[in-house]
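Okay, here's what each chain looks like letter by letter:
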Amino acid sequence: MKILVINAGSSSMKYQLIDMTDESVIAKGNCERIGAGGHFKHSTGDGRVYETDVVMNNHTEAFVQIKNALLSEEYGVIKNLDEVSAVGHRIVQGGALFSKSVIVTEEVIKGIESLIPLAPLHNAAHVQGIRACLEVFGKDVPEVVVFDTAFHSTMPPKAFIYPVPYEYYEKYAVRRYGFHGTSHRYVSHRCAELMGKDLKDIKMITCHLGNGSSITAIKDGKVIDTSMGLTPLDGIMMGTRTGSLDPSVVTFIAEKEHISPSDMDTLLNKKSGFLGISGVSSDDRDVCAAADAGNERAKLAIEILEYDILKYIGSYTAVLGGVDAIVFTAGIGENQSSHRENVCHALEFMGVKIDDELNRQAVRGAEGKISTPDSKVEVFVIPTNEELVIARDTMALVENNK
Ligand code: AMP
C-alpha cells in the first residue's frame, strides 16, 4: 500500500509518498510560493531530482504538479494514480472536536473549517489542501486527517484552562490545546520501544526543539501537560516566537509603540525569540556560530533557550512526580548536542547523567540513548517522523473501513 502524506500551508504544500510495505519514502517534495509565482521540487528515494519554477495559482494547481511528478516518465515513481491507496493530511488545529485521526467526510471538513478562528492560517490552508486533493485525485482515493492537537487531548482541565474569566472558554473555546502532538506521540512510543517497556509505565518528558518548540509531560501513556497553548506561541522561546510572557509586556509595548493587534501578532510570532534577542538569525546554527565568535546577544539567546528548557523539565518533573525518561527531538533537539549537554548537566541534581561522547555523536539522524548506565533518568535522542505517523494512521483507518 502506498500512502501520500500532505502538509498544506497557506503558500506551500509538502508531500511524501510512503510505501507501507517497508515504510520507505519513495518520493517527496514541496510546492512553494503557491499563489505568488511558484517553485516546485520533487525527489525520489533512488536519488532523481526535479526542480522548476512553475506558476501555481492555488492548491489544486499544486496538486496537479504533484500528480504529474509522481506519474512522470523521468521522475515518476508510480505508473497509475490508483497505486496511491490513500492520502493523509496533517491538520494543525483539531480543537475539542477531534481527539483522534479520522477519515475525511463533508462533515469532517466542516468541523475543520469551524476551527479556522483558532488557527486562521493553518486550518484554512488545510481545507484548501483537502478539497484540492479531492478534485485532482477523485472521490475513490480516501483521505484521512491527523491532528497536531489530538495527542494532547488527554490533558486535564487544570492544565488546559487559562485563568481568565471562564466565559471565554465557554464562548470561544479559549484554552490550551498544545501542538506538535504527532511528533510527541511518535517519539514517546519509540522511546518506550527502545526502553522495552509499555509507555503506560514510563513517566516521560519529550522535548521537540526546532524552529517551533514544545515540551510535553506524559504519564500513564497520556499527555498531562504541554508547553504550547491556544496557539503555538506559548511555552519556551523559539526561533522567532517569544514563548510565554507576562501579558502586560504586550499591552505595554503596544501602547508605547502604537502597535495594532495584527502588527503585535507579527512582532510576537515573527520578530522575537532567537531572532529578536540575538539580532542575528532565527536559526540556532547561526546563533551558535555568532556566540562562538563572541556576540554577547547571541550568547544570551542561547542561555535563555537552555534556561527555558531546564525550567519546563523541572516543573514537569514535579507534576509527573518524578521522571524516568527525557527525549530530545526535532532540528535542534536532534542536532545541537551543546544544548543537550548544558541542560542535562544542570539536571545532575536529580540524577541525570549523560555520556558526553555519546551525546556529541548523536547528531544527523542518529537515534539512541545518551545517558550513562547509572543515570537515574534515561535520556534519548530520537529523530521525529511525523509523516510516518500520518501514513500509519491513514493506513489503519482505511483498512478498518474496508
Ligand atoms: P526544525 O524546525 O525541526 O526543522 O528545526 C530547525 C532548527 O534546527 C533550526 O534552528 C536549526 O538551526 C536547527 N538545526 C541544527 N542543526 C541542524 C541540522 N543539522 N539540520 C537541520 N536543522 C538543524
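Caption draft 1: Focus on the overall build of the chain. When you go through the chain residue by residue, the secondary structure sums to 15 helices and 14 strands. Computed over its C-alpha atoms, the radius of gyration of the chain comes to 21 Å, within 12% of the 21 Å expected for a compact globule of 402 residues. Each principal axis of the C-alpha distribution contributes one length, and for the chain these read about 60 × 55 × 45 Å. Within the chain, the proportion of its 402 residues that are buried is 50%. Summarising the internal contacts of the chain: among those between residues at least 6 apart in sequence, 60% fall at separations of at least 24.

Caption draft 2: Expanded view of the site of the ligand. The ligand sits among G210, N211, D283, D284, R285, A330, G331, I332, N335 and Q336. R285 is positioned with one of its backbone polar atoms (N or O) 3.1 Å from an oxygen atom of the ligand. At 3.2 Å from an oxygen atom of the ligand is found a main-chain nitrogen or oxygen belonging to I332. Protein chains shield 68% of the accessible area of the ligand, which is 490 Å² for the free molecule.

Caption draft 3: Quick look at the packing of aromatic side chains. Tallied over the full model, the rule gives nine aromatic pairs. With a centroid separation of 6.1 Å and 65 degrees between ring planes, the pair formed by F40 and Y50 is classed as edge-to-face. Of this pair, F40 sits in strand β4 (residues 39–44) while Y50 sits in strand β5 (residues 49–53); the two residues are ten residues apart in sequence, bridging distant segments of the chain. The exposure class assigned to Y50 is partly exposed, which follows from its relative accessible area of 30%.

Caption draft 4: View of the environment of L233. Here L233 is to be found in the loop between β11 (222–226) and α7 (247–257). Note: C-alpha distance between L233 and K376 (143 residues apart in sequence) is 33 Å. Excluding residues that lie within four positions of it along the chain, L233 makes contacts with M238, R241, T242, G243, S244, L268 and N269.

Caption draft 5: Structural view of the pattern of salt bridges. Going through the model one piece at a time under the given rule, you end up with 19 salt bridges. With a closest N to O distance of 3.7 Å, D53 and R33 form a salt bridge. Taken together, the positions of D53 in strand β5 and R33 in the loop between β3 (24–32) and β4 put the pair 20 residues apart, joining distant regions of the chain. Residue class for R33 comes out partly exposed when judged on its relative accessible area of 44%. For R185, the salt bridge is made with D393, and the minimal N-O distance between the two is 2.6 Å. Highlighted residues: R185 in helix α6 (residues 181–195) and D393 in helix α15 (residues 386–400), separated in sequence by 208 residues. With relative accessibility at 25%, the residue R185 sits in the partly exposed group. Residue D393 is classed as buried on the basis of its relative accessible area of 14%. Look at the salt bridges and you will find they share partners, linking E106, E113 and R131 into a network.

What counts as what
Residues numbered from 1 in each chain as written. Predicted model: local features only at pLDDT ≥ 70, side-chain atom pairs only at ≥ 80, totals over all residues. Heavy atoms only, no water. Helix = DSSP H or I, 4+ residues; strand = E, 2+ residues; numbered from the N terminus. Rg over C-alpha atoms; globule rule 2.2 N^0.38 Å. Buried < 20%, exposed > 50% of the residue type's maximum accessible area, 1.4 Å probe, protein only. Contact = heavy atoms within 4.5 Å. Near = heavy atom within 4 Å. Polar contact = N/O pair within 3.5 Å; in protein donor to acceptor, adjacent residues only side chain to side chain. Areas by Shrake-Rupley, 256 points an atom, 1.4 Å probe, with all protein chains shown as cover. Phe/Tyr/Trp six-rings, centres within 6.5 Å; stacked < 30°, edge-to-face > 60°. Salt bridge = Lys/Arg side-chain N within 4 Å of Asp/Glu carboxyl O.

Any functional reading would require information beyond the geometric quantities listed.
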